[in-house]
Amino acid sequence: MATRHCITRFMDIEPIKCSFSSSPTAFAKHSLHFSNHKYDELGSLSMNGCGGDPRAPLGTIETRTFPTVLTPALAADRLSSAVFDLKTNPPPLESGIIRIEVPIEQQIEALDWLRSQSHTTLPRCYFSGRDSNTIPLLQHCNGNGNGHADDHDDPQQKLVSVAGLGSAVFFRNLRPFSLDDWHSIKRFLSKKCPLIRAYGGIRFDARSNIAPEWEGFGSFYFMVPQVSSVIRRLNDNGRRAVMLHQTHIPNKASWDSAVKRALDLMTRKNSTLVKVVLARSSRVLTAVEIDPLEWLTNLQVEGDNAYQFCLQPPESPAFIGNTPERLFYRDRLRVSSEALAGTRARGGTPSLDLQIGHDLLTSAKDDHEFSVVRESIQRKLEDICSSTIIEPRKALRKLPRVQHLYAKLTGTLQKEDDEFKILSSLHPTPAVCGHPMEEARIVISETEMFDRGMYAGPVGWFGGAESEFAVGIRSALVGKGVGTFLYAGTGIVQGSNSALEWQELELKTSQFTKLMKLEAPLLAMREKIEL
């Protein structure tokens, strides 16, 4: 087995760090070029880590740190020298990953660095951790919605964002993500090297057929980047693409029928269906090709309270998103998750915003939907954890465009290998599927006429001692030749109104549509697919 891996990391407070890792058997075959700080040869060095014995240990997983330099150019020279030294004097080992860090004093934006690279150099990824200390929460106290709740979160938030280019090793298969696949990933990671991570995502429903636009992702796709960077978020307002054509699947009439059918199923005698989350795919064609990284940069103005992500395998479109919802975060034995349900727009004035939030907190329909999500996650954590705490039990999470009902759940795992159980148990949550899960999944598969792909699936990273996954909602698939697919969903429970739920879909996709201008003369020519 042979892998080569080059990582560049830029820290928020610490100096920028560049690193290279490789297995010695590859040294004689390839070389890396750092001219102009572009990394055009990285993709050819990758391998699929799902092959072989998933539990066989690597020969070495280590980090080597070099003295600080002033600029990226000096760091690139130092990396080139380190690569040459490893080629000429490789470690006497069969396999392994060696991470080389070159701290840099000059600060560089992670996403800006990724955008400066050739768009043909794939795979690439981006994951921005949510800064939980800035999340405004209004807790439900004594039934009147007054009071505040602080969300003291995890120490790993010191890594604000990560941009990755190329893969030292990737993990992809068409079959569902399994325990062996998890072990295959974990064998490349170490608690002693916390910045060697595998970033990626998993399909919402691995049993459903894969549409052409999602083929490159397989049933799951993870990558250990060869080059990556960590830095603060950007605020960049780029040019807006012109929208020529938009197609919703389902269209409004079909949506009304789908919601009515779901409600009818819930009211049938002996029905166990309590909630189902129905989604919409909107295909958008624009006058010019959309740069997914430019879109992601523009989304960061709304991203203080959300995760941003990008995942793009070779010869595939980019899956990007701006999601507020955490699936779980693990720090050794400590694990946390959250319930998020119910949606309202933000108010244009403080008083209107307070009134809208109060209506959400006191809505019986939304409380029912939220309780289903919170109690389901609680039961799943209690099945795996030795202890579970819910605090706050019900609060408002306010985002720039919308606000939701929110609860945080924490627990203690009995052993760290229970991480796979957490992932497989929590996904899909009732917030993106429904309840009971299997009944809701069947309704979704019978109702939706498009492939969700990784929309509403787990998106995040595995590390040696820590792991974090968000839920891939508020997302889009952006790529040359396929246009852009915007995804959004809404929970259907008794009392749901199809017209209001359609408005919620529009609200959730507005973070993307605001980045496009609508070509007025072509409005009358917009086509709709009739289902």
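Counting of residues starts from 1 at the beginning of each chain's written sequence and follows it residue by residue. pLDDT decides what is reported in this predicted model: residues at 70 or higher carry local features, side-chain atom pairs at 80 or more are listed and counted, and totals for whole chains, interfaces and linings draw on all residues regardless. The basis for every side-chain value is the complete set of non-hydrogen atoms in the structure, without hydrogens or water.

If you look the protein chain up in an unreviewed UniProt entry, it shows as isochorismate synthase from Sesamum alatum. The heading Sequence similarities (unreviewed entry) in the UniProt record of the protein chain holds the text "Belongs to the isochorismate synthase family." UniProt positions are given in the numbering used here, feature names are shortened, and annotations may be inferred rather than shown by experiment. Its UniProt record gives the protein chain a comment under Catalytic activity (unreviewed entry), which states: "chorismate = isochorismate".

Okay, the packing of helix α4 (residues 252-267) against helix α10 (residues 498-513) next. Orientation is described by lines fitted to C-alpha atoms, with helices fitted over the stretch in contact, and by angles between N-to-C directions that extend from 0 to 180 degrees. A run of DSSP states H or I qualifies as a helix once it reaches four residues; a run of E qualifies as a strand once it reaches two. Both are numbered from the N-terminal end. Packing of α4 against α10 leaves a shortest axis separation of 9 Å and a crossing angle of 120 degrees. Taken together, α4 and α10 sit at an angle that is classed as oblique. The interaxial crossing formed by α4 with α10 has right-handed handedness. Residue-level contacts link K252, W255, D256 and V259 of α4 to S498, A499, E501, W502 and L505 of α10. In terms of residue class, the contact of α4 with α10 is built from five nonpolar, one polar and three charged. Here the word oblique covers every angle except those under 35 degrees (roughly parallel), over 145 (roughly antiparallel) and from 65 to 115 (roughly perpendicular). Two helices cross in a left-handed way if the nearer one is turned anticlockwise from the farther one by less than a right angle. They cross in a right-handed way if the turn is clockwise. Here a residue-residue contact requires only that any non-hydrogen atoms of the pair lie within 4.5 Å. Amino acid classes used here: Ala, Val, Leu, Ile, Met, Phe, Trp, Tyr, Cys and Pro are nonpolar; Asp, Glu, Lys and Arg are charged; the rest, including Gly, are polar.

This brings us to the side chain of E369. If you trace the backbone, E369 turns up in helix α7 (residues 364-384). Polar contacts here mean pairs of N or O atoms no more than 3.5 Å apart (in protein, one a potential hydrogen donor and the other a potential acceptor; neighbouring residues in sequence count only if both atoms are side-chain atoms). A polar side-chain atom of E369 sits 3.3 Å from a polar atom in the side chain of K275. For E369, the contacting residues outside a window of four places in its chain are K275, A341, G342, G491 and V493.

The rule is short: rings of Phe, Tyr and Trp, with Trp giving its six-membered ring, pair when the centres are within 6.5 Å, and they are stacked under 30 degrees, edge-to-face over 60, tilted in between. A complete count under the given rule lists 20 aromatic pairs for this structure. Geometrically, the ring pair formed by F171 and F188 is edge-to-face, given 5.7 Å between the ring centres and 70 degrees between the ring planes. Placement of F171 in strand β7 (residues 161-173) and of F188 in the loop between α3 (179-186) and β8 (198-202) is noted, with a sequence separation of 17 residues between them. Each residue gets one of three labels from its accessible area relative to the maximum for its type: buried under 20%, exposed over 50%, partly exposed in between, using a 1.4 Å probe on protein chains only. F171 gets classed as buried once you look at its relative accessible area, which sits at 0%. Plain terms: the ring middles of Y455 and Y487 are 5.5 Å apart, the flat faces sit at 20 degrees to each other, and that makes the pair stacked.

This part takes up the environment of F450. Among the structural elements, F450 can be located in the loop between α9 (437-447) and β20 (458-462). Residues F450 and N209 lie 241 residues apart in sequence; the distance between their C-alpha atoms is 9.7 Å. Each residue touching F450, except ones within four places of it in the same chain, is listed here: I249, A279, R280, S281 and Y487.

On to α9, then. Each full turn of the α-helix corresponds to 3.6 residues, which orients residues three or four apart in the same direction. Residues of α9 that are buried include every one of A440, R441, V443, I444 and T447, and no others. Relative to the axis of α9, the buried residues are bounded by an arc of 160 degrees and lie together on one face. Residues of α9 that are buried make contact with α4, β11 (275-286) and β19 (434-435). Summarising the geometry, the arc corresponds to the directions from the helix axis toward the C-beta atoms.

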